[in-house]
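An overview of the molecular structure
Chain residues, written in single-letter form:
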Amino acid sequence: MSEYRKEEIADWYDQHSKSILTFILLMVKDYQQAEDLTHDTFVKAYLYYDSFKNHSSEKTWLFSIAHNLTVDFLRKRKPSIFFKEFFLSQKDNNLLPEEIIKIKENSFEFYKALGEIKDTYRKVIVLRKIKGFSIEDTAKILSWSESKVKSTLFRAIPVLKKQLIKEGFLNEEAIRRY
């Protein structure tokens, strides 16, 4: 059983690790930390393999694990980020790795604007529109109701469009065409 588990987790890693890495990277904005959390996702999947009951796809299950690990990491990190930003007040203007990585055919500008919007909006846009998860799977990953996924996405899209306009990546005329 253990050898089969190793092989299946290795297959899942090959299939989903890049996608999970980019998802986590959009949340934590730190490439090294995103790699660590991606690794932790698959370690946890290995350890809790028996709890996977095939009620959803392995991709949905893995994204759930990744989401929960990332949320836990961000909760623990928040006080130190506040301290650092408040007292050092230095903004790093260097490009972050997630701003360089292009997921699908979308542009750098889109991902930069996505990084500026509210965390819940970013999560639902990434899962539904970029990763292509269904409403049901997105709800499972985020531990939300399906109606919360729908309403959050409904509010998130206009906020993202405004951010794209604010940063000068789109003009009003281009938005009307979408």
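Just so we're clear, the structure is a prediction, and the values are computed from it rather than from any experiment. (Residues numbered from 1 in each chain as written. Predicted model: local features only at pLDDT ≥ 70, side-chain atom pairs only at ≥ 80, totals over all residues. Heavy atoms only, no water.)

When you line up the elements, T38 lands in helix α2 (residues 31-47). By relative accessible area, which is 4% here, T38 ends up buried. Beyond its immediate chain neighbours, meaning those up to four positions away, T38 contacts S17, I20, L21 and I24. (Helix = DSSP H or I, 4+ residues; strand = E, 2+ residues; numbered from the N terminus. Buried < 20%, exposed > 50% of the residue type's maximum accessible area, 1.4 Å probe, protein only. Contact = heavy atoms within 4.5 Å.)

Tallied over the entire structure, the rule returns five salt bridges. Among the salt bridges present, the one from K140 reaches E136, with a minimum N-O distance of 3.5 Å. Of this pair, K140 and E136 both sit in helix α7 (residues 135-142), four residues apart, which is roughly one turn of the helix. According to the relative accessible area criterion, K140 is partly exposed, its value standing at 35%. Within this structure, D119, R122 and K123 form a network of salt bridges that share partners. (Salt bridge = Lys/Arg side-chain N within 4 Å of Asp/Glu carboxyl O.)

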